[in-house]
Amino acid sequence: MFIRMTVRHPLFARRYPRVSDYEDAHGALAHRRELLAGAGGRVLEIGAGHGANFRHYPPAVRQVIAIEPEPRLRLLAERAAAHAPVPVRVHPGHAEHLPLPDHSVDAVVASQVLCSVRDVPRCLAEAARVLRPGGHLYFYEHIRSPRPDLARMQRALDLVWPLQGAGCHLARDTERAITDAGFAIDRARHFDFLIGGRPGPSSPRVIGTATIG
Ligand SMILES: C[S@@+](CC[C@H](N)C(=O)[O-])C[C@H]1O[C@@H](n2cnc3c(N)ncnc32)[C@H](O)[C@@H]1O
């Protein structure tokens, strides 16, 4: 099967680092630290973007393998890797087809990426495959609102939102997808991420971990 390692989203790739830096400055930096605090060993980060998580990996992490399909973001991620406190190697590729053997990593990190991957079940099946038994999935995602009226609005926005967000969807039930893939959720903190006290369509968020048996 032919697998495209690279997908170009030039406008998104220019805009995303600024949006991400803005969110980080308004609280998302603490979310990234919370996400990664317990990570250790050999870690795979899927859809690493411009590498915003790299500087937050704790010393218990021996190595990070980062997958990013968008070339401009990948270049920025390679630069961020050079300043990371732990060894990070950045590769092209997709989370749906991971270039790693079975049971070869201790942890998989998905940070605002399960909203964007084309095939969520396939991506989570790949994460389960490469994790060692007992390995952890660390996730930080914006998710479908638990409020039916807001979830309806997110579903409506999803008719156009992915066009401006390189495939990003607002109304995905990501935790359901994680358990459907055979993971047990150990911890999940739900919250609304508000900037300047204002909610937005991607405010409902979760930070958590899940274990594969
Ligand atoms: C919203 S950005 C998040 C970037 C980064 N993880 C972060 O926390 O800032 C979503 C990222 O997922 C990547 N992506 C989209 N589809 C993907 C796929 N199928 N496999 C791996 N990465 C993907 C995009 O290129 C983009 O870098």
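Residues numbered from 1 in each chain as written. Predicted model: local features only at pLDDT ≥ 70, side-chain atom pairs only at ≥ 80, totals over all residues. Heavy atoms only, no water.

Topic: the packing of helix α1 (residues 10-36) against helix α2 (residues 71-82)
Item 1. Contact geometry for α1 and α2: axes closest at 8 Å, N-to-C directions at 40°. By the criterion of interaxial angle, the relationship of α1 to α2 is oblique. Packed against α1, whose contacting residues are Phe 12, Ala 13, Arg 14 and Pro 17, the element α2 presents Arg 72, Leu 73 and Leu 76 at the interface.
Item 2. Its residues placed into classes, the contact of α1 with α2 shows 5 nonpolar, no polar and 2 charged. (Axes fitted to C-alpha atoms, helices over the stretch in contact; angles between N-to-C directions. Helix = DSSP H or I, 4+ residues; strand = E, 2+ residues; numbered from the N terminus. Parallel < 35°, antiparallel > 145°, perpendicular 65-115°, else oblique. Contact = heavy atoms within 4.5 Å. Nonpolar A, V, L, I, M, F, W, Y, C, P; charged D, E, K, R; others polar.)

A word on the UniProt feature "domain: Methyltransferase type" (unreviewed entry) in the protein
Item 1. Within this structure's numbering, the places UniProt gives as "domain: Methyltransferase type" (unreviewed entry) are residues 44-139.
Item 2. Here residues 44-139 runs as 24% helix and 31% strand, with 12 Å between its end C-alpha atoms. (UniProt positions renumbered as here; feature names shortened; annotations may be inferred.)

So, the nonpolar core
Item 1. Judged by nonpolar contacts, the single largest core of 29 residues is most densely connected at Leu 44, Ile 46, Val 105, Val 108, Leu 137, Ile 178 and Phe 183.
Item 2. Put simply, the parts of the chain that give this core at least two residues each are β1 (41-46), β2 (61-67), β4 (105-111), α3 (120-130), β5 (131-142), α6 (174-180) and β7 (204-212).
Item 3. Ranked by residues supplied to this core, first place goes to α3 with 6 residues.
Item 4. Contact partners of Val 108, with chain neighbours within four places excluded, come to Leu 44, Ala 127, Val 130, Leu 131, His 136, Leu 137 and Tyr 138.
Item 5. If you look at the next biggest cluster of nonpolar residues, it comprises 25 residues, including Leu 35, Ala 77, Val 88 and Val 109. (Core = buried A, V, L, I, M, F, W, Y, C linked by side-chain atoms within 4.5 Å. Buried < 20%, exposed > 50% of the residue type's maximum accessible area, 1.4 Å probe, protein only.)

Considerations on the site of the ligand
Item 1. Within the structure, the ligand sits among 18 residues, and Tyr 16, Gly 47, Glu 68, Glu 96 and Ser 111 are positioned closest to it.
Item 2. The contact in question runs from an oxygen atom of the ligand to an N or O atom on the side chain of Arg 32, over 2.9 Å.
Item 3. A distance of 2.9 Å is found between a nitrogen atom of the ligand and a backbone nitrogen or oxygen belonging to Ala 95.
Item 4. Out of a free accessible area of 590 Å², the ligand has 94% covered by protein chains.
Item 5. Here the residues of the shell around the ligand are counted per class, giving 7 nonpolar, 7 polar and 4 charged. (Near = heavy atom within 4 Å. Polar contact = N/O pair within 3.5 Å; in protein donor to acceptor, adjacent residues only side chain to side chain. Areas by Shrake-Rupley, 256 points an atom, 1.4 Å probe, with all protein chains shown as cover.)

Some words on unusual backbone geometry
Item 1. Although it is not a glycine, His 103 sits at a positive phi angle of roughly 55°.
Item 2. Along the chain, the position of His 103 falls in the loop between β3 (88-91) and β4.
Item 3. Within the chain, Ala 166 stands out as a residue other than glycine whose phi angle is a positive 50°.

Section: the side chain of Glu 175
Item 1. Along the chain, Glu 175 turns up in helix α6.
Item 2. An unpaired buried charge is present at Glu 175: no salt bridge exists, and Arg 144, the closest side chain of opposite charge, is 10 Å distant. (Lys, Arg positive; Asp, Glu negative; His and termini not counted. Salt bridge = Lys/Arg side-chain N within 4 Å of Asp/Glu carboxyl O.)

A short note on the packing of aromatic side chains
Item 1. This structure, assessed with the given rule, holds 1 aromatic pair.
Item 2. Note on Phe 12 and Tyr 16: the rings are 5.3 Å apart at their centroids and 25° apart in plane angle, and the pair reads as stacked. Highlighted residues: Phe 12 and Tyr 16, both in helix α1, separated by 4 residues, approximately one helical turn.
Item 3. Just above the ring of Phe 191 sits the side chain of Arg 189; from NZ or CZ to the centre is 4.3 Å. (Phe/Tyr/Trp six-rings, centres within 6.5 Å; stacked < 30°, edge-to-face > 60°. Lys NZ or Arg CZ within 6 Å of the ring centre and 35° of its normal.)

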